[in-house]
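Listed below are the residues making up each chain.
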Amino acid sequence: MAWTWRFEKSDGTETEPALQPEEFPTQGDAESWIGEFWKELLEGGAAQVTLFEDSTKIYGPMSLQADGA
């Protein structure tokens, strides 16, 4: 199983992230990575993210805005 993030603009269209993550072995690893790099991703044009386990959507879209806007 691989955990991956989909990076989206505020309108929900997919965008290339400022930082290219690998596939993560666990949900915790994926969430730790997004927690560490969310500011860089936001500054690079991603407004929200969605987490997938293989092709299954786990949750999202989740805003990268600090205030949740």
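Residues numbered from 1 in each chain as written. Predicted model: local features only at pLDDT ≥ 70, side-chain atom pairs only at ≥ 80, totals over all residues. Heavy atoms only, no water.

Enquirer: Which parts of the structure should I look at to understand the packing of aromatic side chains?
Expert: How two aromatic rings sit relative to each other is given by the distance of their centres and the angle of their planes. Taken as a whole and judged by the stated rule, the model has 4 aromatic pairs. Judged by centre distance (5.3 Å) and plane angle (45°), the rings of W33 and F37 are tilted. With W33 and F37 both in helix α1 (residues 27–43) and 4 residues apart, this pair spans about one turn of that helix. On the basis of relative accessibility, which here comes to 22%, the residue F37 falls in the partly exposed class. (Phe/Tyr/Trp six-rings, centres within 6.5 Å; stacked < 30°, edge-to-face > 60°. Helix = DSSP H or I, 4+ residues; strand = E, 2+ residues; numbered from the N terminus. Buried < 20%, exposed > 50% of the residue type's maximum accessible area, 1.4 Å probe, protein only.)

Enquirer: Please explain the environment of T26 as it appears in this structure.
Expert: Assignment of secondary structure puts T26 in the loop between β1 (3–8) and α1. Remark: the alpha-carbon pair of T26 and W3, spanning 23 residues in sequence, is separated by 6.3 Å.

Enquirer: I'm lost on the pattern of salt bridges in this one. Help?
Expert: A side chain with one charge can pair with a side chain of the opposite charge if their charged atoms come near. Applying the stated rule across the entire model yields 2 salt bridges. Put simply, R6 and E8 hold a salt bridge, and the shortest N to O gap is 2.5 Å. Note that R6 is salt-bridged to E14, the shortest N-O span being 3.1 Å. Classification of E14 by relative accessible area gives exposed; the value is 53%. Three or more residues are tied together by salt bridges with common partners; here these are R6, E8 and E14. (Salt bridge = Lys/Arg side-chain N within 4 Å of Asp/Glu carboxyl O.)

Enquirer: Where do I start with the sheet that holds β1 in this structure?
Expert: The pairing of strands in a sheet happens through backbone hydrogen bonds and is either parallel or antiparallel. Taken in spatial order, the 3 strands line up as β1-β2-β3 in an open sheet, and their pairing is antiparallel. Sheet topology places β1 and β3 (56–63) at the edges, where each strand pairs with a single neighbour. Ignoring strand direction, the axes of neighbouring strands in this sheet form an average angle of 20°. For strand β2 (residues 48–53) and β3, the ladder comprises 5 bridges, and the chain directions are antiparallel. Bridge pairing in β3 places Q48 opposite S63. (Pairing = 2+ DSSP bridges. Axes fitted to C-alpha atoms, helices over the stretch in contact; angles between N-to-C directions.)

Enquirer: What exactly am I supposed to notice about α1 here?
Expert: Given 3.6 residues per helical turn, the α-helix brings residues three or four places apart onto the same face. Relative to the 24 Å expected for 17 residues at 1.5 Å per residue, α1 spans 24 Å between its end C-alpha atoms, a close match to the ideal helical length. Remark: the principal bend of α1, roughly 65°, maps to F37. Residues of α1 that are buried include every one of A30, W33, I34 and L41, and no others. Close packing links the buried residues of α1 with β1, β2 and β3. G45 sits one or two positions beyond α1 and adopts a positive phi of about 115°. (Expected span 1.5 Å × (residues − 1). Bend = angle between axes of the 7 residues up to and from the residue. Contact = heavy atoms within 4.5 Å.)

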